Amino acid sequence: MSRNLILGGALTALFLGAAALSFLWTPYDVTALDIPARLQPPGGAHLLGTDHFGRDILSMLMVGARTSIAVALVAVGIGITIGVPLGLAAASRAGGWMDELISRSADLIFAFPSLVIAILITAVFGPGALNAILAIGIFNIPVFARLARGAALSLWTREFILAARVAGKNRTRISAEHILPNIANLLIVQCTIQFSLGILAEAGLSYVGLGAQPPIPSWGRMLADAQTLVSLAPHVALIPGLTIVFMVLGLNLLGDGLRDHFDPRLRVLRT
Amino acid sequence: MTAPLLTIDALSVTIHGKRILDTIDLTIAPGEIVALTGESGSGKSMTALATMGLLPQVAQATGQISLDGTDLLTLPERRLCAVRGNDIGMIFQEPMTALNPVQTIGAQVAETILQHSPRTPRAMARDKAREALHRCGLDLPLTRYPHELSGGQRQRVVIAMAIALRPRLLIADEPTTALDVTTQAQILDLLQDLTRTEGMALMMITHDLAVVANMAHRIAVMQTGRIVESGPTAQVLSQRTHPYTRALFEASDHRPHLPPRPDNGPLLHAQGVTCTYPLPRPGPFAKRPSFTAVRDVSFHIGRGERVGLVGESGCGKSTLTRALLGLTSIAEGTITLGGKAVFTDHRPNLAVRRRIQVVFQDPYGSFNPRHRVARLITEPFHLLPDPPQGTARDTAVAEALTAVGLSPDDAHKHIHAFSGGQRQRLAIARALIIRPDLIVFDEAVSALDVRVRAQILDLMADLSASYGLAYLFISHDLSVVRGVTDRIMVMRAGRIVEKGPTEQVFTAPRHAYTRTLLDAAPHLPASPGGA
Amino acid sequence: MLAYLTRRLTSLILSLIAASAVIFLVVEVAPGDPASYMLGINAQPETVAALRDELGLDQPKIQRYLSWVGGMLTGDFGLSYTYRTPVAEMIATRLWISLPLALYALTLAILLAFPAGLIAAATRGRAPDFGVMAFSQLGVAIPNFWFAMLLVLGFAITWRIFPSGGFPGWDNPLQAIRALTLPAVALALPQAAILARVLRSSLIDTLGEDYIRTARAKGLTRRQTLWRHGVRNALIPVLTIIGLQFSFLIAGGIIIEQVFYLPGLGRLIFQSISQRDLIVVESAVMLLVFAVILVNFLTDLAYALTDPRLRKG
């Protein structure tokens, strides 16, 4: 086990644990306003201080983690469940019309500036966590489709795949039985990367007010609220920001650690 | 005899505490060709890299490598750079990847010249590069890129780079292994000419004894990091003092005992088979051009008959194999097995497919690394309407493993527990398990060391006797085909140019191309007293 | 080369057609009736009817799509419903902030990433490599808008070296560049981190190739080999990333423009969305997508210049 794997795994587990814990217990009620105790620095009764309404920042971060993680996780799920089968199908008949269609569509989606389209979707269909999931998820589809296609293509030329074809197995079955298990490691590593990108994207969307809506706390909006207070009480901007950094860092380290653990030569997509 | 140019004295190399080379002694005189030979992992390439000062950084070397009195092992990196390319040139096995794809061949040859005398005017460096290419028999524009050249041409470029400054020592690491026989013969001639005309010493590394038998002055045989036998070529060839040398020679021209061919009637018929591939469109709306890989090929294979298919790379033999196996659809013609079509309406016919199986070349790539042996070799059961289950399946696995000389216990192991030769046995077990009438051996012994190759050839002969099996043996290597087939077909540019009984084709070839192939193929001199 | 060029050009045009169709569908078809969407639920029926007339909603959708595309081709992007000014003019003025910002950020990212990636690859597994990798790991994890807030806190509020926001216009180029510096840095850092990583791994891959060994056998030193044979080959995958990044930067400015109150294209899209001015949204998004597709096309051309294997066939 490498250092990356342990550190990344620990950080990720910490955030997942905190989010899970928030369903049962938080230090304070996240919706309770306490104006006299506003903008308290970390330490004291509130471990990470309070915001401009006197809400407990630690509690807000714990509940906010739920939204971030849920949005990013479901978006990765969308990407995998739609993208991987498409990529495998494209690779199984490389050069055919289906491959052409899938590859061109993936290129097209890549050509759309993701954030703009996310904003467009949330604007037309209204802001909220669900539309954020949709907006981020759509852009995960071509990532997984391309990754799966590329990895599968190089496997299709291998002799054990030819042997399976000689054994009379059809392409769908070969994809499921031989290709998928052999690209699973790569997909898992890519998942951690897309997960971390999803966390960042969700933070960005909720920063501009297009993510989860009040009163549900979210990391991005905590930062938006802190923007005008940054010189007055730096901790309201620093702490949520560092939380995002550590969550993303944890996931990326976990991804690197997993990759080194499986096979250091795995090539993931980074954009 | 002239004083040696290169003297390797008690060279030992260890990597991570493992001894890779063990007290190697070797000398090469100017104008002399010395061959280093042995199986993979014997340390031949490592000896070459040590001489170039290009050992991996983790390697530790002791002993002496002196080039004309200078010890290369103790030379600082800066001075080694001045020796490489100038005093010692090196050429490599894989011409397809040895050249930088984004630079012209002229620039790459000129680089050797400019590297060692940076003040050479560009035009003069270009002229010298052109001259070096010319000496290597290549008169192409210097502005060509590597991808525009064939494998043989690229290897000539690599040689031109190595000899541009007329080094005193040339190291050639398996320079012809990746090439076709006719190209191989030309490259070997070129290397011999260069040593003769330029007085250059040549260290020739090869696994193929036949390649060096006709050109090396001396041979050193290596095994697991040691030189076990060395001496003048004629002496090593005739005396074969060391048991390992003897084993190598015997395996090299091994002829398995082929049981007489049963005459049980016809099995496979190919009639007027043509296969085409679509090529990329030249323009967005242009019609897709196509390439005809196999053109109007007709042949038959009888029950229990052993047929060879020989041809150089790109001749269409792989495409033909795929068509026989039902992996590629054919554009024209028919292929029938026992009277039934392999393909009907562009769909493979499973009832026919289960009667043909295949063994591929690469023992490492032909198994899914995630599955165990039992699952791997029973994969063809998928072709049966009613595959055996439970004990019947276990019995079938045990039988197949035993038939190929492995143990039934191996069924539960993972593939990485097996060596290359054992994997090829497993591949044969996989082909055998549904008792096919015909097995296609697609370059099935090409990736193996000679001694393992001999064992697999014996196994094939045994199986053909005990199961009455017919096989189609596809190979680029003529000498191997000769020992294991009744009849051979020679393929060139998509057509079968000659077919006939094996001995007849070898002794009295009718087609000019067959003669070229036979002349180009290197062969060992007959063994003394018959081994 | 000509065949390659025509193939790329065809795919550029097909992409543009597909992209415009998708945008048209999302903006004009998905919300149901665009006119009532733009005016909200409390609108007078007469006003809605007037807008429907102005937008030509009575025409078939195909015809509307064609006249929208035809208008853009002749430079007519329509009239903003909110401001009653030509959309083309609004976009043009905004573009003069967003485009320089993206270029500025890309330049910074490249200037930062290239030395970092080269050093990391050359000192693989040693201290400088670990330093670069740790730094890039951090750079990838930092949300750029938060980094922007930190920059404002440090360089605008505490030290007052750069303005904290706003844009003075290009009349005074120096002031304009000063105003764009913090946004550009905020945008560039995460991109530089990614670029450095890609460059490093691409270089390391290239250094394992056979032709690197050939170059060493010619007598080139390690460093010469890295420069003459490593860098150009390693650049090929890096170009893709740079192409993708430029498109990200053009669009990714949208949030950074919010942080620094820069009146750029992103902010225009944002404002228009909150004002439900679909006419502006549609054209501005199309323009962004066009820029991205164009950059990808240029990346492909750069590819062909770097790699002779692509030029034919």
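Keep in mind that what you see is a predicted model, and the values were worked out from it rather than measured.

1. A word on helix α14 (residues 420-432) of chain B
Part 1 of the argument: Over its 13 residues, α14(B) runs 18 Å from end to end, which matches the ideal 18 Å to within 8%, given 1.5 Å per residue.
Part 2 of the argument: In terms of burial, α14(B) is largely enclosed, as 12 of its 13 residues are buried.
Part 3 of the argument: Residues Gly420(B), Gly421(B), Arg423(B), Gln424(B), Arg425(B), Leu426(B), Ala427(B), Ile428(B), Ala429(B), Arg430(B), Ala431(B) and Leu432(B) constitute the buried set of α14(B).
Part 4 of the argument: In this fold, the buried residues of α14(B) make contact with α6 (159-166) of chain A together with β18 (356-359), α12 (373-377), α13 (390-403), β19 (438-442) and α15 (450-467) of chain B.

2. Concerning the interface of chain B and chain C
One frequently used descriptor of interface size is the decrease in accessible area upon assembly of the parts.
Part 1 of the argument: Taken together, the contact between chain B and chain C spans 30 residues of the former and 27 residues of the latter.
Part 2 of the argument: Taking both partners together, chain B and chain C bury about 2,500 Å²; carbon and sulfur atoms supply 55% of that area.
Part 3 of the argument: The interface formed by chain B and chain C holds 3 salt bridges in total.
Part 4 of the argument: For Lys218(C), the salt bridge identified is with Glu111(B), shortest N-O distance 2.7 Å.
Part 5 of the argument: Linking chain B with chain C are 17 residue pairs in polar contact (both at pLDDT 80 or more), by the criterion used here.
Part 6 of the argument: Elements that contribute at least two residues to the side of chain B that touches chain C include exactly α2 (77-83), β6 (88-91) and α3 (105-116) of chain B.
Part 7 of the argument: Sorting elements by how many residues they give to the side of chain B that touches chain C places α3(B) first, with 5 residues.
Part 8 of the argument: Split by residue class, the side of chain B that touches chain C holds 15 nonpolar, 10 polar and 5 charged.

3. Topic: the UniProt feature "transmembrane region" (unreviewed entry) in chain A
Residues and elements named next belong to chain A.
Part 1 of the argument: Mapped onto this structure's residue numbering, the UniProt feature "transmembrane region" (unreviewed entry) falls at residues 69-88, 108-126, 132-148, 179-201 and 232-255.
Part 2 of the argument: Along residues 179-201 the backbone is 100% helical and 0% strand, and the end-to-end C-alpha distance reaches 31 Å.
Part 3 of the argument: Helix makes up 88% of residues 232-255 and strand makes up 0%, while its end C-alpha atoms are separated by 37 Å.

4. A closer look at the UniProt feature "transmembrane region" (unreviewed entry) in chain C
Residues and elements named next belong to chain C.
Part 1 of the argument: Following the UniProt record, one finds the feature "transmembrane region" (unreviewed entry) at residues 12-30, 95-122, 134-159, 180-199, 234-256 and 277-298.
Part 2 of the argument: Along residues 95-122 the backbone is 100% helical and 0% strand, and the end-to-end C-alpha distance reaches 40 Å.
Part 3 of the argument: End C-alpha atoms of residues 180-199 are separated by 27 Å, and the span's content is 100% helix alongside 0% strand.

5. Remarks on the state of the cysteines
Part 1 of the argument: Here the structure, examined in full by the defined rule, presents 0 disulfides over all chains.
Part 2 of the argument: The thiol sulfur of Cys275(B) is not disulfide-bonded, and the nearest other cysteine sulfur, from Cys315(B), lies at 13 Å.

6. Remarks on the interface of chain C and chain A
Part 1 of the argument: In this assembly, 44 residues from chain C lie in contact with 37 residues from chain A.
Part 2 of the argument: Together, the buried faces of chain C and chain A total about 3,700 Å²; carbon and sulfur atoms form 80% of this surface.
Part 3 of the argument: At the boundary of chain C with chain A, the tally comes to 1 salt bridge.
Part 4 of the argument: For Arg197(C), the salt bridge goes to Asp256(A), with nearest N and O atoms at 3.3 Å.

7. A look at the domain arrangement of chain C
Residues and elements named next belong to chain C.
Part 1 of the argument: Splitting chain C by domain gives domain 1 (2-73) and domain 2 (87-311).
Part 2 of the argument: Computed from C-alpha coordinates alone, the two centres of domain 1 and domain 2 are separated by 31 Å.
Part 3 of the argument: Listed per partner, the contact involves 20 residues of domain 1 and 19 residues of domain 2.
Part 4 of the argument: Interface area, domain 1 with domain 2, both sides summed: about 1,900 Å², of which 77% is carbon and sulfur.
Part 5 of the argument: Among the residues domain 1 hides against domain 2, the three largest losses belong to Tyr4, Tyr37 and Met38. Together they make up 32% of the total.
Part 6 of the argument: Connecting domain 1 to domain 2 are 1 salt bridge.
Part 7 of the argument: Across the pair Asp300 and Arg8 runs a salt bridge whose closest N-O atoms are separated by 3.1 Å.
Part 8 of the argument: Here domain 1 and domain 2 share 1 residue pair in polar contact (both at pLDDT 80 or more) between them.
Part 9 of the argument: Breaking the side of domain 1 that touches domain 2 down by element, the ones donating at least two residues are α1 (2-29), α2 (34-39) and α4 (61-73).
Part 10 of the argument: Tallying contributions element by element places α1 first for the side of domain 1 that touches domain 2, with 13 residues.

What counts, and where the lines are drawn
Residues numbered from 1 in each chain as written. Chains lettered and ligands numbered in written order. Predicted model: local features only at pLDDT ≥ 70, side-chain atom pairs only at ≥ 80, totals over all residues. Heavy atoms only, no water. Helix = DSSP H or I, 4+ residues; strand = E, 2+ residues; numbered from the N terminus. Expected span 1.5 Å × (residues − 1). Buried < 20%, exposed > 50% of the residue type's maximum accessible area, 1.4 Å probe, protein only. Contact = heavy atoms within 4.5 Å. Buried area = accessible area lost by both parts, 1.4 Å probe. Salt bridge = Lys/Arg side-chain N within 4 Å of Asp/Glu carboxyl O. Polar contact = N/O pair within 3.5 Å; in protein donor to acceptor, adjacent residues only side chain to side chain. Nonpolar A, V, L, I, M, F, W, Y, C, P; charged D, E, K, R; others polar. UniProt positions renumbered as here; feature names shortened; annotations may be inferred. Disulfide = S-S within 2.5 Å. Domains from an automatic or database assignment.

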